[in-house]
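Coordinate inspection notes
What follows is each chain in one-letter form.
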Amino acid sequence: MRRYIFTTLFALFAIVACTPEQSADKRFDEGVSKELAEWRKATISDVEYDLVFDLVENSGVVRISFALDVPQDVVIDFRNTELVADIFVPGEGLPREAALHNEHIIIPSYQTKAGKNSVGVLFRLDNQSLNRRNDFLYTLLVPDRARTLFPCFDQPDMKATYRLKLTVPKSWVAVSNTAIEGVEELDDKKTITFAPTEPLSTYLFSFVAGEFEQRTYDDGVHRFTAYYRESDPKRLAQLPTIFEQVASSLEWLEEFTGIDYPFAKYDFVILPGFQYGGMEHTGATLYNDTQMFLSENPTPDEELRRIQLIAHETAHMWFGDYVTMAWFDDVWTKEVFANYFAARITEPLFPDINHRLNWLKSYTTSSLAEDLTLGTTSIRQPLDNLRNAGLVYGNIIYCKAPIMLEKMVDIMGEAAFRNAVREYLATYAYGNATWDDLVAIFDRHTEADIAEFSRVWVNEKSLPYISFKVDGKRLTIVQSDIYERDIVWPQKFDIEVVTASGKERHTIKLYDKSVDIEAADDIVAVLPNVCGRGYGFFSLDYDSKSWLVDNLMTVEDESARMSLLLTLHSLYDAGVLGDSWWQCALLDVVRKEQNPLILSLAIGYLPATWRVEGSEADEQELLALAETHPVLSARRQLWRALYTMAESESVVSEIYLVWERGEHPLLSVDDYMSMAYELAIRYPDRYDYIEKHQRERIADADRRSRFDYIVRGATSDAEALDALFEELLEPANRRTEPWAQATLALINHPLRGESSVKYIRPALEELQEVQRTGDIFFPRNWVGAALSSHRSEAAYCEVVDFLEDNPDYPQLLKNKILQAAHTLYRVNGCSAWRSAVQSDEDSL
């Protein structure tokens, strides 16, 4: 019988330094290098984890079992090697040796053998890895955070079985990937044992524990439980709707894929202050409370956003969990399916909605917002080390990728696409695949050249510059690349040609650099992409821009109207449509539009230009519309826009009275909290009263904690703001990332532009540490909170100087800065698209 030899790390355990050969080998770099991942995948198999976490004593034990073909060095990932207490391995009483090096535990080859091996580690727990609050905690291990929680092989293509035991306070509940097998109580604690999991990647292992309420849904086909902390009865009344939407998503995906839900259970946890909208842990999907429990009068956007979030996370059970990318350069392959299918799942549940509008607002708008910046990327991005994996996330993979996939489905046909997806899932069930693996399957199901289509749409950054040239009756549609790579984005879309006598609609198949069509010889304007299915920067001549600004609301087709609004915004975003023209067009939409989704888009665009062109008369008009607009959801959105951007005393004082009374039927407690922040900045002498009055009327404890944290950013005390900013530079003080982001944004509020420039440089200098200690979206959110409200030349120079002073700054992080600084670059005259338009006009 084999025995386990326990050796204390700093006494009996012999610590062996890394050899010079190891130091030069990328397999032993910090993080998880691609070289290490490929080596381990080729040589290590049959991985299993036995995990014991004592959440009362803050300790953990892991036993890792695995198979080797031959004895070899084994590199285990654990970023917090200083938390290791003991290491144990099977043996016959011989001393054991290991090295702690570059965030790894390295077991030398002479301590391994061919066949089954195991290594155990006793360690202390890190609260940041547990997202610990006063009375609950949860794990969030994507993309490479499992190695911050426990020693493991932290790469997506080494799927394993997990057996988990949790010791928690007796009053707590606990949720994990699988069902509870047993509970043992002892004094004021209890130990919960969970069933073994199906094969999972490390980033999908999860547990949640704390003080939660729970409710179970059972329709005879599906049974699952929701865990939550919300206490507002009006919000809890939404649980039946949430349950039904989860069930509908499961049924749609089961029918489309031909595969029943492939995991042991489907429960979900709704968390206050959760970093993301959701996270697709099998059996324990996590959701942000503000995305799931909506206000009493939700807008259509909010309702659509919730079902799409639910459908997105549910789609991941098949696309991401059941079949997982082999490496995080292909993380977008799970996101593209999740968002594409989320849109399709939503359609039958909201039959009265124009879903092309929802697609444009959800995906096209967000994709263009990133693709038009100097920090744009390709959908598929190279990745050398998983410590940088979080930086490949963004609107390009979430929003441009489904646009690409829709175009690919158009080329393949629905039946071929569905058959290919089913083959993909069957071939790689509970395993891993690459995008190239999937493309090979697609190519077998269609005569179209999907590999060539993918080469441009997936592997190249940016978007086509599409222009229109008139020569008599000939209209030439030209696409070009501002980066001069001689590439073509194949696609089709519709245009309308406005003539003196009416309009002509044409379908443009732009599969080459240009295409000619015959049109009338009295063209007044060209309206691009009126179907909303094209993607690019559509450049318009002066006459077409003028016609569109003056006549947008005469366009009868809703999809065309929203798509053309996006075109105008792209021109504004590129610096070729002035603030006054843009605001004129927006106000016309707000006054006349009846579709709530188009209105929502237009109202959402208002704040960016308001501080340049907004007047007291305009604010008074919007205030009146906030009470009288025929579209109810627009009233609420106008209130939100106004308390964010209003500056005239007559309007701000009206907003103050509405906030102080706290009785407006369209405003929620979250609205009043946001109003309090904004009003405290506008009325600095009333800060103490506003803070106290608002806090007293927040009943929910979690919501009150959020308010207490964020409201500090609304103070006018310069010393207090400096101290608060310094506090945010400490990782432990920004663990609840949405709250930290909101606070940093208040510190850099637009009304504080001049005084807050001083925070830009230190915020940028902290960005690498934010990446190291934060979750995947936090670096972009952090730099966005620091930069997005600034427009001044001084702020622009701070960013330019920082990048010039750091010429070797990591490109993936630099992209996040350039994305966040887009407005700064645009208003200070630095826009590649503006240069392209000017060059195009000069050539004409």
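Calculation criteria
- Sequence order sets the numbering: in each chain, residues are counted from 1 along the sequence as written.
- In keeping with the model being predicted, local features are shown solely for residues with a pLDDT of at least 70 and side-chain atom pairs are shown and tallied solely at 80 or more, while totals for entire chains, interfaces and linings include all residues.
- For side-chain calculations, the full set of non-hydrogen atoms in the structure is used, while hydrogens and water are omitted.
- Any Lys or Arg side-chain nitrogen found within 4 Å of a carboxyl oxygen on Asp or Glu counts as a salt bridge.
- Secondary structure counts use DSSP, requiring at least four H or I residues in a row for a helix and at least two E residues in a row for a strand, with both numbered from the N terminus.
- Burial classes: relative accessible area under 20% of the type maximum marks a residue as buried, over 50% as exposed, and values in between as partly exposed (1.4 Å probe, protein chains only).
- Think of a nonpolar core as a cluster: buried Ala, Val, Leu, Ile, Met, Phe, Trp, Tyr and Cys residues, connected wherever their side-chain atoms sit within 4.5 Å.
- Between two residues, a contact is recorded if the distance between any of their heavy atoms is within 4.5 Å.
- Whether two aromatic rings pair depends on their centres lying within 6.5 Å, for rings of Phe, Tyr and Trp, where Trp uses its six-membered ring; planes under 30 degrees apart make the pair stacked, over 60 edge-to-face, and the rest tilted.
- In our convention, an over-ring charge means Lys NZ or Arg CZ found within 6 Å of a ring centre and within 35 degrees of that ring's normal.
- In short, DSSP must find at least two bridges between two strands for them to pair.
- Inter-axis angles, ranging from 0 to 180 degrees, are taken between N-to-C directions of lines fitted to C-alpha atoms, where helices are fitted over the stretch in contact.
- Handedness of a crossing follows from how the near helix is turned relative to the far one, being left-handed for an anticlockwise turn of less than a right angle and right-handed for a clockwise one.
- In this count, Pro and Cys sit with the nonpolar residues alongside Ala, Val, Leu, Ile, Met, Phe, Trp and Tyr, while Asp, Glu, Lys and Arg are called charged and the others, Gly among them, polar.
- The definition of a polar contact used here is a pair of N or O atoms within 3.5 Å, where within protein one atom must be able to donate a hydrogen and the other to accept one, and adjacent residues in sequence count solely through side-chain atom pairs.
- In a helix, the anticipated span is given by 1.5 Å times the number of residues less one.
- Cysteine sulfur atoms that come within 2.5 Å of each other are treated as a disulfide pair.
- As a per-residue measure, pLDDT tells how confident the predictor is, with possible values from 0 to 100.

To continue, consider the pattern of salt bridges. In this structure the tally under the stated criterion is 56 salt bridges. Residues Asp330 and Arg380 are paired through a salt bridge, measuring 2.9 Å at the closest nitrogen-oxygen approach. On the criterion of sequence distance, the pair formed by Asp330 in the loop between strand E21 (323-325) and helix H9 (332-349) and Arg380 in the loop between helix H10 (355-371) and helix H11 (395-412) is long-range, its members being 50 residues apart. No difference in accessibility class separates Asp330 from Arg380, as the two residues are buried.

Judged by nonpolar contacts, the single largest core of 282 residues is most densely connected at Phe53 and Phe150. The leading source of residues in this core is H11, at eleven residues. The contact partners of Phe150, leaving out residues within four places of it in the chain, are Tyr49, Leu51, Phe53, Val62, Asp77, Phe78, Phe123, Leu141, Tyr162 and Phe205. In terms of nonpolar packing, the next biggest core, distinct from the first, is built from 13 residues, Ile466, Leu475, Phe493 and Ile495 among them.

As a rule of thumb, non-glycine residues mostly have phi less than zero, and peptide bonds are mostly trans rather than cis. Note that the residue after Val142, namely Pro143, is joined by a cis bond; omega there is -5°. Take Pro143: it is sitting in the loop between strand E10 (136-138) and helix H4 (146-149). Of note, Asn102 is a non-glycine position whose phi angle comes to about 50°, a positive value. On the basis of relative accessibility, which here comes to 28%, the residue Asn102 falls in the partly exposed class.

Evaluation of the coordinates by the stated rule reveals 67 aromatic pairs. Relative to Tyr162, the ring of Tyr49 has its centre 5.0 Å away and its plane inclined at 15°; by these criteria the two rings are stacked. You can see Tyr49 sitting in strand E3 (residues 44-54) and its partner Tyr162 sitting in strand E11 (residues 161-169), a full 113 residues away along the chain. Tyr162 matches Tyr49 in its accessibility class, with the two residues each being buried. Measuring from centroid to centroid gives 6.0 Å for Tyr424 and Tyr428, while their planes differ by 55°, and the two rings are tilted. The aromatic ring of Trp739 is capped on one face by Arg133, whose charged end is 5.5 Å from the ring centroid.

The subject of this paragraph is the pairing of strand E20 (residues 285-288). Residue alternation in E20 divides its side chains into two sets, Thr285 and Tyr287 and Leu286 and Asn288, and both sets are buried. Two elements, strand E18 (residues 268-271) and E20, share four bridges in a ladder whose sense is parallel. Pairing of Leu271 across the sheet is with Asn288, part of E20. Pairing geometry for strand E19 (residues 278-279) and E20, over two bridges, is antiparallel. Within E20, the residue paired with Met279 across the bridge is Leu286. The loop that links E19 with its antiparallel partner E20 comprises five residues; one of these, Gly283, has a positive phi angle of about 75°.

Attention now moves to the packing of helix H19 (residues 616-628) against helix H20 (residues 632-645). Running from amino to carboxyl end, H19 crosses H20 at an angle of 150°, the nearest separation of the two axes being 7 Å. The element H19 and its partner H20 pack so that their crossing is left-handed. Where H19 abuts H20, its residues Glu619, Leu622, Leu623, Leu625, Ala626, Glu627 and Thr628 lie against Arg635, Leu638, Trp639, Leu642 and Met645. Classifying every residue of the contact of H19 with H20 by side-chain character gives eight nonpolar, one polar and three charged.

A word on the environment of Val456. Secondary-structure assignment places Val456 in helix H14 (residues 450-457). A C-alpha to C-alpha distance of 7.2 Å links Val456 and Val488, two positions 32 residues apart in sequence. The residues contacting Val456, other than those within four sequence positions of it, are Ile487, Val488 and Trp489.

Attention now goes to the sheet that holds strand E12 (residues 173-176). Read from one edge of the open sheet, three strands run E10-E15-E12, paired in antiparallel fashion. Each edge of the sheet is formed by a strand with only one pairing partner; in this case those strands are E10 and E12. Pairwise comparison of adjacent strand axes, ignoring direction, gives a mean angle of 5° for this sheet. Here E10 runs beside strand E15 (residues 207-210); their pairing, made up of three bridges, is antiparallel. Looking at E15, one finds that Leu137 is bridged to Ala209.

This next bit is on the side chain of Thr365. Along the chain, Thr365 falls in helix H10. Accessibility expressed as a relative area gives 16% for Thr365, which makes it buried. In terms of polar contacts, Thr365 uses its side chain to reach the backbone carbonyl oxygen of Leu360, at 2.9 Å. Once residues within four sequence positions are removed from consideration, Thr365 is found in contact with Leu360, Leu566, Leu601 and Tyr605.

Glancing now at the environment of Ile698. Position of Ile698 among the secondary structure elements: in the loop between helix H23 (687-696) and helix H24 (701-710). For Ile698, a relative accessible area of 3% puts it in the buried group. Each C-alpha atom of the pair Ile698 and Lys545 lies 48 Å from the other, and the pair is 153 residues apart in sequence. With near-sequence residues (within four places) excluded, Ile698 lies in contact with Val669, Met673, Arg703, Arg704 and Phe707.

Position of Asp267 relative to the elements: it lies in the loop between helix H6 (239-257) and E18. We classify Asp267 as buried; its relative accessible area is 8%. Here Thr225 takes part through its backbone nitrogen, which lies 2.8 Å from a polar atom of the side chain of Asp267. Of the polar contacts made by the side chain of Asp267, one reaches the side chain of Lys265; its length is 3.0 Å. Setting aside residues up to four positions removed in sequence, Asp267 forms contacts with Phe224, Thr225, Tyr227, Gly283, Ala284 and Thr285.

A separate point is helix H21 (residues 649-661). Each turn of an α-helix holds 3.6 residues, which means side chains three or four residues apart point in the same direction. Its 13 residues give H21 an end-to-end C-alpha distance of 18 Å, which sits within 8% of 18 Å, the value for a rise of 1.5 Å per residue. Residues of H21 that are buried in the fold lie against H19, H20, helix H22 (669-682) and H23. Positive backbone phi, at 65°, marks Gly662, one or two positions downstream of H21.

A few words now on helix H30 (residues 778-787). Burial of H30 is extensive: eight of the ten residues sit out of reach of the surface. Buried within H30 are the following residues: Phe778, Pro779, Trp782, Val783, Gly784, Ala785, Ala786 and Leu787.

Taken as a whole, this structure holds zero disulfides when the rule is applied. Residue Cys399 stays outside any disulfide, its sulfur separated by 19 Å from that of Cys531, the closest cysteine. Among the residues examined, Cys399 registers a relative accessible area of 6% and is labelled buried. With no disulfide of its own, Cys797 lies closest to Cys830 among cysteine sulfurs, the gap being 12 Å. Judged by relative accessible area, which is 32%, Cys797 ranks as partly exposed.

Structurally, the position occupied by Gly431 is in strand E22 (residues 431-433). The spatial distance from the C-alpha of Gly431 to the C-alpha of Tyr759 is 46 Å, given a sequence separation of 328 residues. Apart from the residues lying within four places of it in its own chain, the contact partners of Gly431 are Lys159, Tyr322, Val323 and Thr324.

With that settled, the discussion passes to the sheet that holds E18. Strands sit in the order E16-E17-E18-E20-E19 across an open sheet of five strands; the sheet is mixed. Every interior strand has two partners, whereas the edge strands, strand E16 (213-218) and E19, have only one. Relative to E18, strand E17 (residues 223-228) is paired through two bridges, and the arrangement is parallel. Bridge pairing in E18 links Tyr227 to Val269. Sheet strands touched by H6: E16, E17 and E18. Its angle to E17, the strand with the most contacts, is close to 135°. Seen against the sheet, helix H8 (residues 300-315) touches E19 and E20 and runs at an angle of roughly 160° to E20.

Turning our attention to the confidence of the model for the protein chain. When pLDDT is averaged along the protein chain, the result is 94; 96% of the residues meet or exceed 70. This model gives residues 1-17 a pLDDT under 50, and the stretch forms 43 contacts once residues within four places in sequence are excluded.

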